[in-house]
Amino acid sequence: MNDSHVSDESFDAYVSDVLDAAARALLEAHVAACEPCEHALLRHARAEQAMYELAPSCRAARRATAVLRTCAIAAGLLAVLGLGWALHSKNPSLAQGVDRADAMRPAGDAGVAALLDLAPDHQ
Amino acid sequence: MFGGLGRLYPVESVGALQAQMITRPTSDRVSESAGRLMAGDRQAWNEAIARHNQRLVVALLARRIRPDRARDLAQEAWTRLMEQQRRGVLLRIELPGLAIRQALFLAQDFLRAESLRQGADESRLLRTPSGEPSVEQRIMSRQMLHRARAMIGSLPPRNREIFELCYDDPHLSHASAAEHLGVSVQHVRQTLCEVRKRLRQLLKETP
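Caption draft 1: The packing of helix α8 (residues 157-168) of chain B against helix α10 (residues 185-205) of chain B, seen in detail. All names here are of chain B. With their axes 10 Å apart at the nearest point, α8 and α10 run at an angle of 90° to one another. In terms of orientation, α8 lies roughly perpendicular with respect to α10. Residues N159, I162, F163 and C166 of α8 touch α10, and the partners they reach there are V188, T191, L192 and V195. Of the residues belonging to the contact of α8 with α10, the class tally is six nonpolar, two polar and no charged.

Structure follows, in structure tokens:
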């Protein structure tokens, strides 16, 4: 606090309760007699109050974003797994890792059937 | 009216109480403290007052109550709560929210009574809210909330963490927050000062 007005640092210390009792009383006495400082204290008090009101919602919003991000990753993984499972159901030879060389190798009717199944457009 | 309340928390004991409180884990302390408050433990009440009284005062100041009256009303709020606890009408005690609500209720009552008693001219001197929105109304306006959140979101992650940690848990001291985050108390305070400054600017800009 200087001779004329209370500094922002002092107001900060006051609203965040780090002033000792004597300094607090001094500040309050000054504010009671000084209109600009009274307005300044009001602004500081409002900002402090707003911080208490903002913090829970900011933290909740950040948590929600984190949860959404995790869900998106999980959904992506499930989609990949689902696609793999669908391919496996439709054509077990693909997903079971059947050696393509085996599939391509002429092996009688079974080999031809596999080729046709793999490339139906070429029938 | 409020004269005897200074006995509740002698000024010289506040520093010692706060020093004791920051050395213990928050969650343990809060649950234990709530039980002691419900049991009417005077020491627990003194600790709660030492920790949260300024929060009540600031809430009242933000409603345009003068500092001296804000301090009186805050003390009256604590007294009322203690009386309610003694009568067994409190089902649970969640601080500082319960005390703040009590203080704001008293402030409304007080301003209304003073306004009626002293007439319009003098009520102006009491700085009653004159149609100007309260800080809650302002902060809850959609635009303001959006801008304030954007401002908080634009903070460096470490600063945002400090802000959220200190202001989401009213039981956590700056020293405990600093210890938890591995930074100095001074750094915590400087960071909070910066956030407060930016928020102050935002409130000033908002019509």
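Caption draft 2: Broad picture of the packing of helix α3 (residues 42-61) of chain B against helix α4 (residues 67-87) of chain B. Residues and elements named next belong to chain B. In the contact formed by α3 and α4, the axes pass within 9 Å of each other and the chain directions differ by 135°. Here α3 is positioned oblique relative to α4, judged by the angle of their axes. For the crossing formed where α3 meets α4, the hand is right-handed. Across from W45, I49, N53, L56, V57, L60 and L61 in α3, the residues of α4 making contact are P67, A70, R71, L73, A74, A77, W78 and M82.

Caption draft 3: A look at the interface of chain B and chain A. Each partner contributes residues to the interface: chain B has 28 residues there, and chain A has 27 residues. Mapped by element, the contributors of at least two residues to the side of chain B that touches chain A are α3, α4, α6 (135-140), α7 (142-153), α8 and α10 of chain B. Ranked by the residues each element gives to the side of chain B that touches chain A, the list is headed by α10 of chain B, at eight residues. Taken together, the residues that form the side of chain B that touches chain A break down as 17 nonpolar, one polar and ten charged.

Caption draft 4: Seen up close, the confidence of the model for chain B. Residue and element names in this part refer to chain B. With 74% of its residues at a pLDDT of 70 or more, chain B shows a mean pLDDT of 79. Looking over chain B, one finds the lowest element-wise mean pLDDT in helix α1 (residues 11-21), namely 43, and the highest in α4, namely 94. Note that residues 1-25 has pLDDT below 50 and, in this model, 27 contacts with residues that lie over four places away or in other chains. Model confidence for the complex is summarised by a pTM of 0.68, with the ipTM given as 0.72.

Cut-offs used in this document
Positions within a chain are numbered from 1, following the residues in the order the chain's sequence is written. Chain letters and ligand numbers both follow the written order, the letters beginning at A and the numbers at 1. This being a predicted model, a pLDDT of at least 70 is required before a residue's local features are given, and a value of 80 or more before pairs of side-chain atoms are given or counted; all residues contribute to the totals for chains, interfaces and linings. Throughout, an axis means a line fitted to C-alpha atoms (over the contacting stretch in the case of helices), and angles, computed between N-to-C directions, take values from 0 to 180 degrees. A run of DSSP states H or I qualifies as a helix once it reaches four residues; a run of E qualifies as a strand once it reaches two. Both are numbered from the N-terminal end. By the definition adopted for this analysis, an angle is roughly parallel if under 35 degrees, roughly antiparallel if over 145, roughly perpendicular if from 65 to 115, and oblique otherwise. The contact rule is simple: place each C-beta atom from the backbone, and if two of them lie within 7 Å, those residues are in contact. Each residue gets one of three labels, nonpolar for Ala, Val, Leu, Ile, Met, Phe, Trp, Tyr, Cys and Pro, charged for Asp, Glu, Lys and Arg, and polar for the others, Gly among them. Helix crossings fall into two classes, left-handed where the near helix is turned counterclockwise from the far one by less than a right angle and right-handed where it is turned clockwise. In predicted models, pLDDT denotes the confidence assigned by the predictor to each residue on a 0 to 100 scale.

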